[in-house]
Amino acid sequence: MSSIQLDLGNSTEKRVSNFFHNKGYWSIILPKNVNGQPFDIIACKENSTWFVDAKHLESSKASFPFDRIESNQELSMRFAKEFANINNLGFVIEWERADYSLFFLSYEEFIKMKQNGSKSVKISDLTILEDIIK
């Protein structure tokens, strides 16, 4: 991974974590390690817990390709759902074309689409995160 990609990824993680913080959540960016990380961000408030992975999408793209989701991320989300009963799981996508919006692809929706043979999702088909978290 180039330093530009790493900088974009770190910037996106900070933006997503700050979004949750500004909505009254305690949020933390999980440290990276050699084996990857199961999620980028955990955010909690009262009885609401979110495990999300932050993704950055260039302005020239109009869809998010599923090959950007690492197998350890998918497995960790499956385990979080099955064993910890975490329901707010998924991918927050910062799209360069939309200056102030973060988009959300839930883990459940990702799995359904993947099982139906989809290889990507159009950004226009995703929910704006702020519409979910007030």
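Structure shown above.
Residues numbered from 1 in each chain as written. Predicted model: local features only at pLDDT ≥ 70, side-chain atom pairs only at ≥ 80, totals over all residues. Heavy atoms only, no water.

Participant: Before we move on, can you summarise the side chain of Q73 with the specific residues and values?
Facilitator: If you trace the backbone, Q73 turns up in helix 2 (residues 71-84). Take Q73: its relative accessible area is 3%, and that puts it in the buried class. Among the polar contacts listed, one links the side chain of Q73 to the side chain of D53, at a separation of 3.0 Å. In this structure the side chain of Q73 is engaged in a polar contact, spanning 2.9 Å, whose partner is the backbone nitrogen of E70. Look past the residues within four positions of Q73 in its chain and what remains in contact with it is Q37, P38, D53, K55, R68 and F91. (Helix = DSSP H or I, 4+ residues; strand = E, 2+ residues; numbered from the N terminus. Buried < 20%, exposed > 50% of the residue type's maximum accessible area, 1.4 Å probe, protein only. Polar contact = N/O pair within 3.5 Å; in protein donor to acceptor, adjacent residues only side chain to side chain. Contact = heavy atoms within 4.5 Å.)

Participant: Describe in detail the packing of aromatic side chains, supporting the description with residues and values.
Facilitator: Summed over all chains, the structure comprises nine aromatic pairs. Judged by centre distance (5.0 Å) and plane angle (85°), the rings of F66 and F110 are edge-to-face. You can see F66 sitting in the loop between strand 4 (63-65) and helix 2 and its partner F110 sitting in helix 3 (residues 107-115), a full 44 residues away along the chain. We classify F66 as buried; its relative accessible area is 9%. When the ring of F79 is compared with that of F83, the centres are 5.4 Å apart and the planes differ by 55°; the resulting orientation is tilted. Residue F79 and its partner F83 are both found in helix 2; the two are separated by four residues, about one turn of the helix. What links up through ring pairs into an aromatic cluster is the set F19, F20, Y25, W50 and F104. (Phe/Tyr/Trp six-rings, centres within 6.5 Å; stacked < 30°, edge-to-face > 60°.)

The values are spatial; any link to function lies outside them.
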